[in-house]
Amino acid sequence: MIPINRPIIGEEEIQAAIKVLRSGILTEKSGHGPFASKFEKAFADYIGSKFAVTFNSGTSALHAALLAAGVGPKDEVIVPSFTFVATAEVAVLAGAKPIFVDIDPKTYCMDPEEVKQAISGRTKAIIPVHLYGHPCDMAPIIECGHEHGIIVIEDAAQAHGAEYKGKKAGALGDLACFSFYATKNMTTGEGGMITTNSEEFMEKVRLIRSHGEKEPYKSVIIGHNYRLPEIEAAIGLVQLGKLPKFLEARRKNAMFLMKELVSVGGLQMPVEYSGCKHSWYLFTVRLKGARSKIRNKMVKKLREEYVGASVYYPIPIHKMPYYHDLFGKANLPETEEAAQQAISLPVHPAIREGELDHIVKAVKKAVASFAIK
Ligand SMILES: Cc1ncc(COP(=O)(O)O)c(C=O)c1O
């Protein structure tokens, strides 16, 4: 099977992990060990943000960002429903209500017009997600958010290296959160990072990362254990150095798939809007007009051909049992349509020569077999 994504770990990462084990410093009580500090500095430099703070997952980074933004009970947080559940989950963990908004059907990112409509007196934060690695249209979201005193937190879990109007994803909102989960564009196994230009937010998220302790055993705010272990930080530092090459390979693969599949009837190709740079975390096509039954059959057919096609995301968050029971219905037609039609294809740097041709052939065969025109 050509997997949809996989970690690419070399001898350098193995040696980096061994170095930490030999050093005996496996973690540091505030989360600020030697490798974590180096990783933070290098990541902030790469993104072009003033600060970066390591976390032990993208989810913990998002939760800490919301707490630092002061989100709590009775507040509302505007989020897309067409994303990984963590984006909305953290709003609920902070005691707030997620307000789901619809997407742009071409990029699958939150639609700024929908955000404007969803703002209320209770809105405390907006979390735009750079879905699949395409940057969300941030300018209008930041403008209307800031007009209302609302904090904008980028969910950049899938967007390492993506760009919007000359800036990197992660340097756009008040805070931004990255994931280093095993299959992301770069990995530490599990891990996360918050980037920000605000010293105040940087200090707050550092406190939250380790039990709200300013001094040992003296918590000043509510926190958690969200520290990234040193082994992961050392691996992250090596992966960050390789990220530009990983992204180049992803782009090359994406351009090949685009060129070969663009003329296939019935398929909507991914887009890269002017002024944007995709990070190509996922290459997601859409079966125009299809219902999920046909789409799922197509995924099955591709998998029979050893193409690890996958669906991100088959159930929008507002339709998941927990969220539906708590928050009821939402009117999100573009989201619901996309959830029935999206298929992601492998585009990662470890795809071997010949495998891309195989993916193209398998897609063409599968489309033809359903006579999708
Ligand atoms: C869009 C999005 N947000 C948040 C997360 C959560 O990151 P993590 O799995 O590192 O907790 C992920 C990744 O899985 C994601 O894809």
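Summary of the structure given here. (Residues numbered from 1 in each chain as written. Predicted model: local features only at pLDDT ≥ 70, side-chain atom pairs only at ≥ 80, totals over all residues. Heavy atoms only, no water.)

**Regarding the sheet that holds strand β9 (residues 192-196)**
- The seven strands lie next to each other as β1-β9-β8-β5-β4-β2-β3, forming an open sheet whose pairing is mixed. Looking at the sheet topology across the chains shown, the edges are occupied by β1 (51-55) and β3 (97-101). Strand-to-strand twist across the sheet, computed as the mean angle between neighbouring axes with direction ignored, equals 25°.
- Across three bridges, the pairing between strand β2 (residues 76-80) and strand β4 (residues 123-126) is parallel. Bridged to valine 77 within β4 is alanine 125. (Pairing = 2+ DSSP bridges. Helix = DSSP H or I, 4+ residues; strand = E, 2+ residues; numbered from the N terminus. Axes fitted to C-alpha atoms, helices over the stretch in contact; angles between N-to-C directions.)

**Some words on the packing of helix α3 (residues 58-68) against helix α4 (residues 86-93)**
- It is at 9 Å that the axes of α3 and α4 come closest, and there the two elements cross at 45°. One finds that α3 runs oblique with respect to α4. Two packed elements cross with a definite hand, and for α3 against α4 that hand is right-handed. Contacts between α3 and α4 involve Thr59, Leu62, His63 and Leu66 on the former and, on the latter, Ala86, Thr87, Glu89, Val90, Ala91 and Leu93.
- Its residues assigned to classes, the contact of α3 with α4 shows six nonpolar, three polar and one charged. (Parallel < 35°, antiparallel > 145°, perpendicular 65-115°, else oblique. Left-handed = near helix turned anticlockwise from the far one by under 90°. Contact = heavy atoms within 4.5 Å. Nonpolar A, V, L, I, M, F, W, Y, C, P; charged D, E, K, R; others polar.)

**So, the pairing of strand β8 (residues 175-179)**
- Within β8, five of the five residues are buried, which leaves the element mostly enclosed by the surrounding structure.
- Of the two faces of β8, the one lined by Leu175, Cys177 and Ser179 and the one lined by Ala176 and Phe178 are each fully buried.
- Note: strand β5 (residues 151-155) against β8, three bridges, orientation parallel. Bridge assignment links isoleucine 153 to a residue of β8, and that residue is leucine 175. (Buried < 20%, exposed > 50% of the residue type's maximum accessible area, 1.4 Å probe, protein only.)

**What to know about α4**
- Here α4 lies mainly inside the structure; six of its eight residues are buried.
- For α4, the set of buried residues is Ala86, Thr87, Ala88, Val90, Ala91 and Val92.
- In this structure, the buried residues of α4 make contact with α3, β2, β3, β5 and α10 (321-327).
- The positive-phi residue at the C-terminal boundary of α4 is glycine 95, with phi of around 90°.

**Some remarks on the site of the ligand**
- With respect to spatial proximity, 16 residues lie near the ligand, and among them Gly58, Thr59, Asp155, Gln158 and Ser179 are the closest.
- In the model, an oxygen atom of the ligand is placed 2.9 Å from a nitrogen or oxygen of the glutamine 158 side chain.
- Lysine 184 places a side-chain nitrogen or oxygen 3.1 Å from an oxygen atom of the ligand.
- Elements with a minimum of two residues in the shell around the ligand: α3 and α4.
- Sorting elements by how many residues they give to the shell around the ligand places α3 first, with three residues.
- Of the residues in the shell around the ligand, the class split is six nonpolar, eight polar and two charged. (Near = heavy atom within 4 Å. Polar contact = N/O pair within 3.5 Å; in protein donor to acceptor, adjacent residues only side chain to side chain.)

**Section: the sheet that holds strand β15 (residues 342-345)**
- Strand order in the open sheet formed by three strands is β12-β14-β15, and the pairing between neighbours is antiparallel. Every other strand in the sheet has two partners, leaving β12 (267-268) and β15 as the edge strands with one partner each.
- Pairing of strand β14 (residues 283-287) with β15 involves four bridges; the strand directions are antiparallel. Across the sheet, the residue bridging to phenylalanine 283 is leucine 345, located in β15.

**A short note on the state of the cysteines**
- This model, assessed by the stated rule, comprises zero disulfides.
- Cysteine 136 carries a free sulfur, and the closest cysteine sulfur to it, the one in cysteine 109, is 4.7 Å from it.
- Of all cysteine sulfurs in the structure, the one in cysteine 136 sits closest to cysteine 177, which takes part in no disulfide; the separation is 14 Å. (Disulfide = S-S within 2.5 Å.)

**Things to note about unusual backbone geometry**
- The peptide bond linking tyrosine 312 to tyrosine 313 adopts the cis configuration, its omega dihedral lying at 10°.
- In this fold, tyrosine 313 is placed in the loop between α9 (292-304) and α10.
- In this model, tyrosine 132 sits at a positive phi of 65°, which is unusual for a non-glycine residue.
- Relative to the helices and strands, tyrosine 132 resides in the loop between β4 and α6 (138-147).
- Positive phi outside glycine occurs at histidine 211, with the angle close to 65°.
- Along the chain, the position of histidine 211 falls in the loop between α7 (199-209) and β10 (213-215).
- With relative accessibility at 35%, the residue histidine 211 sits in the partly exposed group.

**Concerning the packing of aromatic side chains**
- Taken as a whole, this structure holds 13 aromatic pairs when the rule is applied.
- On the numbers, 5.3 Å between centres and 70° between planes, the contact of tyrosine 108 with tyrosine 132 is edge-to-face. Within this pair, whereas tyrosine 108 is found in the loop between β3 and α5 (112-118), its partner tyrosine 132 is found in the loop between β4 and α6, the two being separated by 24 residues in sequence.
- Using a relative accessible area of 3% as the deciding quantity, one classes tyrosine 108 as buried.
- Each member of the aromatic cluster is reached from another via a ring pair, and the members are Phe82, Tyr108, Tyr132, Tyr312 and Tyr313.
- A cation sits over an aromatic face here: lysine 38 above phenylalanine 35, 4.9 Å from the ring centre.
- For lysine 168, the ring lying beneath its charged end belongs to tyrosine 46, and the centroid distance is 4.5 Å. (Phe/Tyr/Trp six-rings, centres within 6.5 Å; stacked < 30°, edge-to-face > 60°. Lys NZ or Arg CZ within 6 Å of the ring centre and 35° of its normal.)

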